[in-house]
2 protein chains.
Amino acid sequence: MDSPVTRGVPCSVDVALFTVRDEALQVLLVRRPAEDGEPFPERWSLPGGNIDVDRDADLEACASRKLLEETGVVAPHLEQVASVGNALRDPRGWSATHLYLALMASDYLELRSGGNAADLHWMSVQGEAPREALAFDHDLLLEMALNRLRAKVEYTSLPVFLMPVDFTLSQLQRTYEIVLGRELEKKAFRTRILAADLLDVVARKKTGPNRPAQYYRLKRRRESHIFARPFGSAPPAG
Amino acid sequence: MDSPVTRGVPCSVDVALFTVRDEALQVLLVRRPAEDGEPFPERWSLPGGNIDVDRDADLEACASRKLLEETGVVAPHLEQVASVGNALRDPRGWSATHLYLALMASDYLELRSGGNAADLHWMSVQGEAPREALAFDHDLLLEMALNRLRAKVEYTSLPVFLMPVDFTLSQLQRTYEIVLGRELEKKAFRTRILAADLLDVVARKKTGPNRPAQYYRLKRRRESHIFARPFGSAPPAG
DNA sequence: TAAATAGTGTCTATGAGACACTATCAG
DNA sequence: CTGATAGTGTCTCATAGACACTATTTA
């Protein structure tokens, strides 16, 4: 109205890609470039970057593109978490970023970063140990993505996207437990998951010196299932 | 990286302000200006507009400002819903908007619109009747805000922000029913609400030719309560 | 008294929690 | 047989759902 020319605001997308590796929930980080003029040189950050209005059909397409370019990966789950815009998050001035949460099985991973894998890093988010500060406000963004992930894991089937194609219920339960940071009751867990009718039975597979487990595979469906009650006795976050 | 100057993207905030009036859930609309060059002249739209990096500390401050400027109102609940950015939503080119959901009691309302109240309009969102198309992609934004509202009302105490300061449990239940579009069981509703320890008892008030109801008032707390199970037998949306 | 709305008593149904039990493999 | 992990039987408990019942007001 009163501003004759609307300049626009620097607009980016950042992606918190989680996986479960080595019995821990981990998030993918990329190293910031060392070039002159770039803020936070050589610091770790979430993968992401500015929207390219000529290449990105929409915000989610930008998130997919950034993930593919920086990691060579197409995640089976990608959802918008929130947007953060203010004058302080980038030393160059007012900017807005659009945070996405991505999930994938660790055995899909074959990371590449413009030929330099040393610029990629999995960081465990378990434990309260002080972590190295990330670039920009990415510590906050990571916290927001983690809160979203944990909140949804309390009452949805989201963790199936952290599993390989075929998996057992014990493996799925372990994944839930790692993300939630607490143990779950076996019988209740199995009853719920099977009642949700999310999984197809596939052939049993050989394992070690014990009864072989039934393997399952996600049915064709995009959305995750919402359970009528949250897991465990803990109230859902919020 | 390869673009020497990052131009930025036109960045706006839109607010879906809901209230319950006349036994219906209603959303506030503002009329687009008739000026030459403005897209969608004189069409109805959600209140909102471009971010002013000199005045808005962050996205939420921008939403509050737009709401105050266009309606004279400070809503007791304001939350971010999602962001939509693509090349098609504005005929002038790629843009991103940040959608907020606001709730307030209808008896707080004293709308003003730069001196012209005819540019404001409450639209009922009940019923499947085809509505007049809104400007930009605001039909989509309204749908997203409605979905968020209805989903959260299934398992939270959000509707307390649609109530006046003092209210009865019957009135609160009616508000839930209007938003959800279905009736709830009285006993279960009252038990849940009271067990959540959200409300303080205030003095009874005179009513009509019947037993006077107990009035309640929201305790001091910012966040809405999350119930362990959704209301009714219907599964939560999602 | 009737009419109207507020609020409760109580039984049933569902599904989670606990936990001990059985099942099936390698050796 | 043992050891290990997979999977089940069954009891208890919390809370929603149904619905009839009582309570309190004005007229």
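Here the structure is a predicted model, which means the values were calculated and not measured. (Residues numbered from 1 in each chain as written. Chains lettered and ligands numbered in written order. Predicted model: local features only at pLDDT ≥ 70, side-chain atom pairs only at ≥ 80, totals over all residues. Heavy atoms only, no water.)

Visitor: What should I look at first to understand the relation of the copies chain A and chain B in this one?
Guide: Here the two chain copies are tied together by a rotation about an axis and a shift along that axis. Structural alignment of chain A on chain B gives an RMSD of 0.0 Å, achieved by rotating through 180° and translating 0.0 Å along the axis. On the angle and the small slide along the axis, the relation comes out as a two-fold axis. Looking at chain A, 100% of its interface residues are interface residues in chain B too, so the copies touch through the same face. (Least-squares fit on C-alpha atoms with pLDDT ≥ 70 in both. Contact = heavy atoms within 4.5 Å.)

Visitor: Explanation requested: the sheet that holds strand 9 (residues 199-202) of chain B in the structure shown.
Guide: Residues and elements named next belong to chain B. Taken in spatial order, the three strands of this open sheet run 8-10-9, and their pairing is antiparallel. Both edges of this open sheet fall to strand 8 (166-168) and strand 9, since each of them pairs with a single strand only. Averaged over all adjacent pairs, the angle separating strand axes in this sheet is 45°, with direction ignored. Sheet topology note: the strand 8/strand 10 (residues 215-218) ladder contains three bridges and is antiparallel. In the sheet register, threonine 168 faces strand 10, and the bridge partner there is tyrosine 215. Contacts from helix 3 (residues 169-180) reach strand 8, strand 9 and strand 10, with the element oriented near 80° to strand 8. (Pairing = 2+ DSSP bridges. Helix = DSSP H or I, 4+ residues; strand = E, 2+ residues; numbered from the N terminus. Axes fitted to C-alpha atoms, helices over the stretch in contact; angles between N-to-C directions.)

Visitor: What should I look at first to understand the sheet that holds strand 9 (residues 199-202) of chain A in this one?
Guide: Picture the strands of a sheet paired through backbone hydrogen bonds; they go either parallel or antiparallel. Residues and elements named next belong to chain A. Taken together, the three strands give an open sheet; going across it, the order is 8-10-9, and neighbouring strands pair in antiparallel fashion. The two strands at the open ends of the sheet, each matched to only one other strand, are strand 8 (166-168) and strand 9. This sheet shows a mean twist of 45° between the axes of neighbouring strands, independent of strand direction. As defined by bridge partners, strand 9 adjoins strand 10 (residues 215-218) across four bridges and the pair is classed as antiparallel. By the bridge assignment for strand 10, valine 202 is matched with tyrosine 215.

Visitor: Quick question: what am I supposed to make of the side chain of B:Ser83 here?
Guide: Structurally, B:Ser83 can be placed in strand 5 (residues 77-86). A distance of 2.5 Å separates a polar atom in the side chain of B:Ser83 from a polar atom in the side chain of A:Ser83. Not counting chain neighbours up to four residues away, the residues in contact with B:Ser83 comprise A:Leu59, A:Gln80, A:Ser83, A:His98, B:Thr97 and B:His98. (Polar contact = N/O pair within 3.5 Å; in protein donor to acceptor, adjacent residues only side chain to side chain.)

Visitor: Can you walk me through the domain arrangement of chain A in this structure?
Guide: Size of an interface: often given as the accessible area lost when the parts come together. All names here are of chain A. Structurally, chain A comprises domain 1 (11-153) and domain 2 (158-218). The gap between the C-alpha centroids of domain 1 and domain 2 is 28 Å. Residue-level contacts link 19 residues of domain 1 with 13 residues of domain 2. Of the roughly 1400 Å² buried between domain 1 and domain 2, counting both surfaces, carbon and sulfur atoms make up 71%. (Domains from an automatic or database assignment. Buried area = accessible area lost by both parts, 1.4 Å probe.)

Visitor: What should I look at first to understand unusual backbone geometry in this one?
Guide: Trans peptide bonds make up the majority, and among non-glycine residues the majority have a negative phi. Not every positive phi belongs to a glycine, and A:Phe136 is a case in point at roughly 50°. Along the chain, the position of A:Phe136 falls in the loop between strand 7 (120-124) and helix 2 (138-153). Despite not being glycine, B:Asp22 has its phi angle at roughly 55°, a positive value. Locating B:Asp22 in the fold gives a position in the loop between strand 1 (11-21) and strand 2 (24-31). Owing to a relative accessible area of 68%, B:Asp22 belongs among the exposed residues under this scheme. (Buried < 20%, exposed > 50% of the residue type's maximum accessible area, 1.4 Å probe, protein only.)

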